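Here is how the chains run, residue by residue.
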Amino acid sequence: MKTIHVVFMRDDQPVFDKSLQDFLKECVPGSIIQLLTPDEYLGLQQIRWWKGVLLPKLAENGDSVGWWETTLKLAVMPDEFVPYYIPIGKQVFPIIPSITILGKKKMNQMIEGAVAKCHEYGLLWVTLPDKELRS
């Protein structure tokens, strides 16, 4: 995904960190341009780190992404992730809510708590997100 940031406003018009014209030249049929508020963007970055960096890396040790996600959700914020139950046929299945129920502030608490919990599990290589480490 390519992004262009509004760095400030001049005469009620946005000033971008890159050329808007160059950005628009890259559009092809089917492209989508999405406007995110700063909070929405930060929330999206948090979810990307959680789903795209932390959980897959933890799953490399043998347990599944789903197992790690459920374990960390319940270990760090059990009150936020109370299961609800869905009956299917003659069985009832517990469902753990998605992280999308969390706002930016609570997601930050979740990330910090997950890193701390990983350290308790002896996974000292787990660190907080660092924009300097992005590829």
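What comes next concerns the included structure. (Residues numbered from 1 in each chain as written. Predicted model: local features only at pLDDT ≥ 70, side-chain atom pairs only at ≥ 80, totals over all residues. Heavy atoms only, no water.)

**Description of the overall build of the protein chain**
What the protein chain contains, in helices and strands, is four helices and four strands. For the protein chain, the sequential pattern of α-helices and β-strands runs β-β-α-α-α-β-β-α. A globule of 135 residues ought to have a C-alpha radius of gyration of about 14 Å, yet the protein chain, at 19 Å, is considerably larger. In terms of overall dimensions, the protein chain has C-alpha extents of about 60 × 40 × 25 Å along its principal axes. Buried residues in the protein chain amount to 22% of all 135 residues. (Helix = DSSP H or I, 4+ residues; strand = E, 2+ residues; numbered from the N terminus. Rg over C-alpha atoms; globule rule 2.2 N^0.38 Å. Buried < 20%, exposed > 50% of the residue type's maximum accessible area, 1.4 Å probe, protein only.)

**Considerations on the pairing of strand β3 (residues 84-88)**
Counted residue by residue, β3 has zero buried out of five residues, so it is predominantly exposed. With five bridges joining them, β3 and strand β4 (residues 91-95) adopt antiparallel strand pairing. Bridge pairing in β4 places Tyr85 opposite Pro94. Linking β3 back to β4 in an antiparallel pair, the connection comprises two residues, with Gly89 at a positive phi of about 60 degrees. (Pairing = 2+ DSSP bridges.)

**Examining a nonpolar patch on the surface**
Judged by side-chain polarity, Tyr84, Ile86, Ile88 and Phe93 come together as a nonpolar surface patch covering roughly 350 Å² of accessible area. With three residues, the top contributor of residues to the nonpolar patch is β3. Positionally, Ile88 belongs in strand β3. Overall, Ile88 belongs to the exposed group, its relative accessible area being 52%. (Patch = residues over 30% accessible without salt bridge, like charges linked within 9 Å, V, L, I, M, F, W, Y side chains within 5 Å. Areas by Shrake-Rupley, 256 points an atom, 1.4 Å probe, with all protein chains shown as cover. Salt bridge = Lys/Arg side-chain N within 4 Å of Asp/Glu carboxyl O.)

**Some words on helix α3 (residues 65-76)**
Along its 12 residues, α3 runs 16 Å from first to last C-alpha, staying within 8% of the 16 Å computed at 1.5 Å per residue. Among the residues of α3, Trp68, Glu69, Thr71, Leu72 and Lys73 are the ones counted as buried. (Expected span 1.5 Å × (residues − 1).)

**Describing unusual backbone geometry**
A positive phi angle, close to 50 degrees, is found at Asp11, a residue other than glycine. For Asp11, the position within the fold is in the loop between β1 (6-10) and β2 (13-16). Asp11 sits in the exposed class, given a relative accessible area of 68%. Positive phi outside glycine occurs at Asp12, with the angle close to 60 degrees.

Read these as spatial facts, not as claims about activity.
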